[in-house]
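Spelled out from the first residue to the last, the chains are:
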Amino acid sequence: MMAPWSCRPPATTVPARRLPTRREGCQTEISRSHDMDFSLTKEQKLFQSTVREFLEKEAPGWLIREWEEQGQYPYDLFQKFAEFGLLGVGLPEEYGGSGGGLTELAIVSEEMAARGQSLVNVFTPTVEFCRQAILGFGNEEQKRHFLPRIVKGECRMAMGLTEPNHGSDLATLETMAYLDGDEYVINGSKIFTTGAHISHYIFLLVRTDKTASPPHRGLSVLLTPTDSSGLTIRTLRKLGGDAVHTCEVSFDNVRVPRSNLLHEEGKGWHIVMAHLDEERILQGAKCTGTTRAAFEYALKYAKEREQFGQPIGKFQAIAHMLADMASDVEICRLLTHYAIWRKENGLPCSKEAAMAKLVTSEAAMRTSHKAVQILGGYGYTMEYEAQRYFRESKFWEIGGGTSQIQRDIIAKRLGL
Ligand SMILES: Cc1cc2nc3c(=O)[nH]c(=O)nc-3n(C[C@H](O)[C@H](O)[C@H](O)COP(=O)(O)OP(=O)(O)OC[C@H]3O[C@@H](n4cnc5c(N)ncnc54)[C@H](O)[C@@H]3O)c2cc1C
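Conventions and cut-offs
- Residues numbered from 1 in each chain as written.
- Predicted model: local features only at pLDDT ≥ 70, side-chain atom pairs only at ≥ 80, totals over all residues.
- Heavy atoms only, no water.
- Domains from an automatic or database assignment.
- Contact = heavy atoms within 4.5 Å.
- Buried area = accessible area lost by both parts, 1.4 Å probe.
- Salt bridge = Lys/Arg side-chain N within 4 Å of Asp/Glu carboxyl O.
- Core = buried A, V, L, I, M, F, W, Y, C linked by side-chain atoms within 4.5 Å.
- Buried < 20%, exposed > 50% of the residue type's maximum accessible area, 1.4 Å probe, protein only.
- Helix = DSSP H or I, 4+ residues; strand = E, 2+ residues; numbered from the N terminus.
- Near = heavy atom within 4 Å.
- Polar contact = N/O pair within 3.5 Å; in protein donor to acceptor, adjacent residues only side chain to side chain.
- Areas by Shrake-Rupley, 256 points an atom, 1.4 Å probe, with all protein chains shown as cover.
- Nonpolar A, V, L, I, M, F, W, Y, C, P; charged D, E, K, R; others polar.

Under the domain assignment used here, the protein contains domain 1 (34-156), domain 2 (159-266) and domain 3 (270-413). For domain 1 versus domain 3, the separation of C-alpha centres amounts to 21 Å. Contacts between the two partners involve 30 residues from domain 1, matched on the other side by 34 residues from domain 3. Regarding the contact of domain 1 and domain 3, the summed buried area is about 2800 Å², with carbon and sulfur atoms giving 62% of it. One can count 6 salt bridges joining domain 1 with domain 3.

Counting 45 residues, the largest nonpolar core has W67, F81, L86, M112, L119 and F123 as its most contacted members. Looking at this core, the elements that each hand over two or more residues are α2 (42-58), α3 (61-70), α4 (75-84), α5 (102-115), α6 (117-137), α8 (268-304), α9 (316-344) and α10 (350-374). In terms of residues, this core owes the most to one element, α5, which gives 7 residues. When residues no more than four places from it in sequence are discounted, the contact partners of M112 are L55, F81, L86, L119, V120 and F123. Counting residues in hydrophobic clusters, the runner-up holds 28 residues, among them L91, L223, I271 and V272.

Here the focus is the site of the ligand. The immediate surroundings of the ligand are formed by 18 residues, with M159, T162, S168, F192 and T402 found nearest. Taking S168, its side chain carries an N or O atom lying 2.6 Å from an oxygen atom of the ligand. Protein chains shield 63% of the accessible area of the ligand, which is 980 Å² for the free molecule. Residue assignment for the shell around the ligand shows that the elements contributing at least two residues are β3 (183-194) and α12 (403-413). Counted by class, the shell around the ligand contains 6 nonpolar, 10 polar and 2 charged residues. Each of domain 2 (159-266) and domain 3 (270-413) gives at least three residues to the shell around the ligand.

Structure below.
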């Protein structure tokens, strides 16, 4: 399928730089001279504006509201993503992808989040997490089976990691799977599995070895069909992004073919960790989108709304809030693209990815909080969009690892 735009070659073609050895440490990295250039190429700018126009046309605000109020999944939109080539961004052409790399995925992420978390929920679990994990760790048969189907919009996936008793402390999760002949038998439950109810498969992190020490060595990933007997799904209503529900999923002797094991038994944690940096960076891009949208919305309002005979933006108190918001947008973008730049240049980036996730999610919260204030009473009503950014920003501080956990990760990298 040809996308109606072109991406630069996949990031995987960028030669990875040699990482510093432990003895060389930070000093080597600092003394190396890197040209830091985060500017988008001409093609990437064109791609960005094309994606923005596409989303404005196919997912106007009133329609997103309708989907969310009715809790209605936009199947048509997912199909349009496929036709537009969005489901193949960041995937090599040999699997039906449209090429491009992390920067292109970040562009899509920012644009989707700027329009609303529901769009992110339609796109992210299948494309950014499950598809990338299969690309990285699937055997050739799994890649040939799943990847082209995802690109064509024929296969949706959800990410089943979190459990009722295991959120931040994921490594000790309890959902069990044991091998019985050529099938795994799964028992347990997952929570917050976004999109499970409309997905064909769940990327399921399970325990295959109860005795493993440390416990994360006993985890594996099973690509579990949602129509399996014994699998039940309950949807939960939430504060934002409700065109795609978040679900509780229970497994009662669910049988899955052994061939649905991703990579090897006991490698589940490794698979999840391998994608975490990328996931956090892309979440930075999404938070940039929310921050940008909240800022632009409030700026427009401040220029139009008049009190005491002048636009409220002329009052220093309001103008300074907007100055802070504009600064936050730039901080978000710079930190996210710095982390992308490190990843694409083969430099260690776990600390920077955690920083990007932490700083941008808190910037989104700050900015949307100010946006509500700038709109005054109207900001508190459901008639205006400011409340949307406020509700959605709260999720960014929780999903994909809370702010507290990101601070822990950064602190550990500081040797604390
Ligand atoms: C809308 C939504 C969608 C989601 N989608 C998915 C999905 O698709 N798939 C999926 O697998 N998960 C999903 N999640 C789950 C999400 O990743 C978890 O909610 C998150 O990781 C936190 O886990 P928890 O909710 O169990 O909180 P807990 O881990 O119970 O944490 C509760 C509080 O304690 C704090 N805390 C915990 N441990 C520490 C510590 N060591 N130090 C300091 N503070 C700590 C936390 O920061 C938090 O403030 C989703 C969540 C939401 C809200």
